[in-house]
Amino acid sequence: PPDLRQAGAMIFRLGVPAGTRHTQFALSRVVSGWEDYFFLDEPIFAQLSAEVFIPNASARQMFAFHALPELSESSLVTLATASGLLAKALGLDSDGGVSLPARGHGTFSFDLKPHDHAGSVQWRHDTGQVEIDALFMGQRAKREHVFVIESKVSDNLSSLAKHKLLYSALAVATKLPDYVPIIPVYLRILKSSGSVHFFVCECDTLPRGSVVAVSSLVPKRCSRHVLLGIY
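These remarks concern the structure in this document. All values derive from a computational prediction rather than experimental measurement. (Residues numbered from 1 in each chain as written. Predicted model: local features only at pLDDT ≥ 70, side-chain atom pairs only at ≥ 80, totals over all residues. Heavy atoms only, no water.)

**Regarding the pattern of salt bridges**
Turning to step 1, where the next piece is worked out: Taken as a whole and judged by the stated rule, the model has 9 salt bridges.
Turning to step 2, where the next piece is worked out: Linking Asp41 and Arg188 is a salt bridge whose minimum nitrogen-to-oxygen distance equals 2.9 Å. Of this pair, Asp41 sits in helix H2 (residues 41-45) while Arg188 sits in strand S9 (residues 182-192), and the two are 147 residues apart along the sequence.
Turning to step 3, where the next piece is worked out: Between Lys191 and Glu70 there is a salt bridge, with the nearest N and O atoms lying 2.6 Å from each other. Residue Lys191 is found in strand S9, and its partner Glu70 is found in the loop between helix H3 (59-67) and helix H4 (73-82); the two are separated by 121 residues along the sequence.
Turning to step 4, where the next piece is worked out: On the basis of relative accessible area, Lys191 is assigned to the partly exposed category, the value being 23%.
Turning to step 5, where the next piece is worked out: You can call Glu70 partly exposed: its relative accessible area is 48%. (Salt bridge = Lys/Arg side-chain N within 4 Å of Asp/Glu carboxyl O. Helix = DSSP H or I, 4+ residues; strand = E, 2+ residues; numbered from the N terminus. Buried < 20%, exposed > 50% of the residue type's maximum accessible area, 1.4 Å probe, protein only.)

**A short note on H4**
Turning to step 1, where the next piece is worked out: What H4 keeps buried is the set Leu76, Val77, Leu79, Ala80 and Thr81.
Turning to step 2, where the next piece is worked out: Gly84 sits one or two residues past H4 and shows a positive phi near 90 degrees.

**Re the state of the cysteines**
Turning to step 1, where the next piece is worked out: Enumeration over the complete set of coordinates arrives at 1 disulfide.
Turning to step 2, where the next piece is worked out: In this model, Cys201 is linked to Cys222 through a disulfide, with the two sulfur atoms separated by 2.4 Å. With Cys201 in strand S10 (residues 195-202) and Cys222 in strand S11 (residues 221-228), this residue pair connects regions lying 21 residues apart in the sequence. (Disulfide = S-S within 2.5 Å.)

**Quick word on the layout of surface pockets**
Turning to step 1, where the next piece is worked out: Put simply, the largest pocket is a space of about 380 Å³.
Turning to step 2, where the next piece is worked out: Asn56, Thr81, Gly84, Ala87 and Val98 are, among the 18 residues lining the largest pocket, the residues nearest its centre.
Turning to step 3, where the next piece is worked out: The set of elements that each furnish at least two residues to the lining of the largest pocket consists of H4 and helix H5 (85-89).
Turning to step 4, where the next piece is worked out: At 3 residues, H4 tops the list of elements feeding residues into the lining of the largest pocket.
Turning to step 5, where the next piece is worked out: In the lining of the largest pocket, the residues fall into 7 nonpolar, 9 polar and 2 charged. (1 Å grid on protein atoms, 1.4 Å probe; cavity = no way out; pocket = protein on both sides within 12 Å on 5 of 7 lines; lining within 4 Å. Points joined across faces, edges and corners; volume = space filled by probe spheres on them. Nonpolar A, V, L, I, M, F, W, Y, C, P; charged D, E, K, R; others polar.)

**Some details on the nonpolar core**
Turning to step 1, where the next piece is worked out: Judged by nonpolar contacts, the single largest core of 37 residues is most densely connected at Phe39, Phe110, Leu112, Ile182 and Leu206.
Turning to step 2, where the next piece is worked out: Other than its neighbours up to four places away in sequence, Leu206 contacts Leu166, Ala169, Leu170, Ala173, Ile182, Pro184 and Val212.
Turning to step 3, where the next piece is worked out: Among the nonpolar cores identified, the runner-up in size contains 26 residues, and Met62, Ala80, Phe136 and Ile189 belong to it. (Core = buried A, V, L, I, M, F, W, Y, C linked by side-chain atoms within 4.5 Å. Contact = heavy atoms within 4.5 Å.)

Purely geometric numbers; function is a separate question.
In structure tokens form, the structure reads like this:
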């Protein structure tokens, strides 16, 4: 809303605690700028050089993606995985294999804080709905990692609220032991005539055993890969 934007405040939903019927919300002001709470595509991706990607999958594996007149967001994420594009972008072991991506939603509870500068402020996301666009397992340096993907398909660069990716990662963390590394990944997909551009941005491994701040989710390793002949 314009009044929150003018006040430099971000709104977060924090679930529906047991015994209540209404969603809880919280507000937090920006400290350094909107980059505290958003991935802003232009400064992250605009200067990346496009690299053509040739799929290492067989023609049989790729056939269905060419046969459909339009690919949904979930199909494009599956395409990025099945073609080997995500494995390359994320630096996965060539001989380790990548699991099929899974997606889903449910109610999850976890703790977080809005900003690293929030001091002792801590919030509870209590039995709130979280949608997980995709997650898969892959090997890096011979060790299994879980990659949690928040994806957006558009015709131009835009932005993504960081809490959408963080909520997904924290939801997955409630189901996995602390020794399993979880890496949040922001995937922006641009469709154009004859090609699909995949902007892949990896964040640091999710800290375990401590409360994570939304602002701590920052781009660490980003790349731009193009698949030709899809549209």
